[in-house]
Amino acid sequence: MGIFSRLSWFFKHQWKQYLIGVVALILVAICNVIPPRIIGNVVDSVSNKNMTVRFLVINMVTLFIVAIVQYLLRFLWQKMIYGSSYVLERDLRSRLFHHFMKMDKTFYQKWRTGDLMAHATNDIDAVRDVAGPGILTLADSLITGLSMILAMGMFVNWKMTLMAVLPLLLLAVMANVLGNKIHVAFRDSQAAFSSINNKTQESVVGIKVLKALGQETEDEADFDRYVDKNIKANKRSYRLDAMFDPLTTLIMGISYTLTIIFGGLAVLQQRITIGQLVSFITYMAELMWPMYAVGSLFNLLERGSASYDRISDLLNEKSSVVKTKDSFTTVPSGLLDFQIDSFSYPDDKKIALHDVDFKLRPGQTLGIVGPTGGGKSTIISLLMRDFDHYQGFINVGKVDIRKYDLNSYLDTIGYVPQTNFLFSTDIRDNVRFANIDATQEEVEQASFVADLDADIKQMPDGYDTQVGELGVSLSGGQKQRLAIARAILSNPKLLILDDSLSAVDSKTERHIESRIAKNRQQGTTIIAASRLSSVEDADEIIVVEDGTIVEKGTHQELLHQAGWYADTYNLQARNEQLEGRLNNEK
Ligand SMILES: Nc1ncnc2c1ncn2[C@@H]1O[C@H](COP(=O)(O)OP(=O)(O)OP(=O)(O)O)[C@@H](O)[C@H]1O
């Protein structure tokens, strides 16, 4: 029942709808009291042999009117109560989605996609059922139950009523005993469902790798293990739940037996009439449904409560990137001043970056290179405000980037990540994703800079070509160039290329870079790369190793320093020459 108080914020908001719904339910319950009474009266008039046509007609017309009124009232409560539960569903769904949009990188490292999807679908459905069928069952069983008990007492006999309903207390005891166990079982069952979701999502996304490594059979077996775990959790929750319904039948059986014994005696001793006993038994039959409803209500509430816990856990996660009050919404073009004294990833004691500083004026290009795992992407992560907790500062136009409104700040950046993401729509919409009103000419110009225009024009549908889910119909190099065109189109103040040309050959890469340089004379560009030829023309190059800058300068200066840069550059140049020679020989 605790779930009702935890959802009280919603019930307060929708109190009018619920009030109308519950009043309609009460009226339906009052209507329910009438037919057994009429039946009892008719039976008595038959046994007393004083039945008249007029009496019969009046009673039949009353029954008919009661049926029509009940129809209308039932329609009303369904509309009010079920309608409100869909409002809760919409509210929770949009809260969760907004929350997902707000969360930072750490959140997405902690929670897996399949898990988040299970929360957004299965768990929300379970909570919605509390606000719809849950409220209905609770109100209906309480109202019907109480009205039947009142009618049995008032119209027949209080002693008999007390005796008939006393065994029902056993149900309350059982509910208390099973409550916590069912809650835990449902929580496990929902968690197991999340794992299946994760597994399915991972296998479908990684299907190419699975097939290439011939791991389909192993993966199927792995999937079956997840399903078995889920089934086991479900079985446990249904086993606990199944202890409830038979108990209801047993208790009702006891009540009926007591009624027949003591009711029969009462008739024989002429304390009640046969008609009253028939009414009493009909009322008891009406009591059956609320009793069974308690069982399903119990199931529904515990499931909803376990799901609400899971949703609340997600909603309580805080993003480490927080909005400051009075944040600046205008981000000027100005000096980028990067001075990080120290930074560690959340929940990681190791220092990922320390003593990294550089300055970049608008129009300049910075190259970031270094051995793998050195810290290139971490520098970019801080620039992208994936994390705001570090010692030091990053200023743009003399203002700390943490003081800018996050969206306004990110709007000024064009970021092309190592692994790019394409949406399953056509090429044109993918290019103009951040600027959906861009003209065809602008789309073509951006694609030209990214050296993609010629490729697209060769495709039968040109810019209308559908890229397929996750861009599966494009080559790796085409996907990278499309992501660059997308970033170029928004004409960002800061363009960040994070090893984003690794899938194109070095000649095409130089070609694209010289076009980018020509196109972006006012903008700042940062290129992180493992291939050093990518940063040759940069105004400044930093070599990052073990989280700090170990070399700094222009291409020529670094070659003269005879350190990691010079060694790696010479090695890569020799490899390229060798590859070129081998290609010519072929
Ligand atoms: N999310 C994270 N949580 C904890 N540690 C991380 C995280 N991301 C990166 N690291 C660690 O930070 C260090 C720097 O990683 P980073 O990805 O910045 O290197 P990189 O130079 O970009 O490497 P590569 O060239 O291989 O992409 C590595 O030791 C890495 O393990």
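Criteria and cut-off values
Residues numbered from 1 in each chain as written. Predicted model: local features only at pLDDT ≥ 70, side-chain atom pairs only at ≥ 80, totals over all residues. Heavy atoms only, no water. UniProt positions renumbered as here; feature names shortened; annotations may be inferred. Pairing = 2+ DSSP bridges. Helix = DSSP H or I, 4+ residues; strand = E, 2+ residues; numbered from the N terminus. Contact = heavy atoms within 4.5 Å. Axes fitted to C-alpha atoms, helices over the stretch in contact; angles between N-to-C directions. Near = heavy atom within 4 Å. Polar contact = N/O pair within 3.5 Å; in protein donor to acceptor, adjacent residues only side chain to side chain. Nonpolar A, V, L, I, M, F, W, Y, C, P; charged D, E, K, R; others polar. Buried < 20%, exposed > 50% of the residue type's maximum accessible area, 1.4 Å probe, protein only.

For the protein chain, the name recorded in an unreviewed UniProt entry is ATP-binding cassette domain-containing protein, with Companilactobacillus pabuli as its organism. What UniProt states about the protein chain under its Subcellular location (unreviewed entry) heading is, verbatim, "Cell membrane".

Bringing the sheet that holds strand β4 (residues 391–396) into the picture now. The four strands are arranged β2-β1-β4-β5 in an open sheet whose pairing can be described as antiparallel. The sheet terminates laterally at β2 (353–360) and β5 (399–400), the two strands that pair on one side only. For strand β1 (residues 336–343) and β4, the ladder comprises six bridges, and the chain directions are antiparallel. Following the sheet pairing, Asp337 is matched in β4 by Asn395. The strands that helix α13 (residues 376–383) touches are β1, β2 and β4; relative to β1, the one it contacts most, it runs at about 115 degrees.

Our next topic: the site of the ligand. Contacts to the ligand come from 13 residues, most closely from Gln109, Thr372, Gly373, Ser377 and Thr378. Separating an oxygen atom of the ligand from a side-chain N or O atom of Lys350 is a distance of 3.0 Å. Within the backbone of Gly375, a nitrogen or oxygen atom sits 2.9 Å from an oxygen atom of the ligand. Ranked by residues supplied to the shell around the ligand, first place goes to α13 with three residues. Here the residues of the shell around the ligand sort into two nonpolar, eight polar and three charged.

Let's shift gears to the side chain of Asn157. Mapped onto the elements, Asn157 comes out in the loop between α6 (113–156) and α7 (158–165). With relative accessibility at 18%, the residue Asn157 sits in the buried group. Setting aside residues up to four positions removed in sequence, Asn157 forms contacts with Met152, Arg271, Ile272 and Phe280.

For the rest of this paragraph, the subject is the environment of Gly153. Turning to its location among the elements, Gly153 is positioned in helix α6. As a C-alpha pair, Gly153 and Phe280 span 127 residues in sequence and 8.9 Å in three-dimensional space. When near neighbours in sequence (up to four residues on either side) are disregarded, Gly153 contacts Trp158 and Thr161.

We note that Asn491 has phi near 45 degrees; this positive angle belongs to a residue other than glycine. Mapped onto the elements, Asn491 comes out in the loop between α18 (476–489) and β7 (494–498). Despite not being glycine, Ala562 has its phi angle at roughly 50 degrees, a positive value. Within the element layout of this structure, Ala562 appears in the loop between α20 (555–561) and α21 (564–585).

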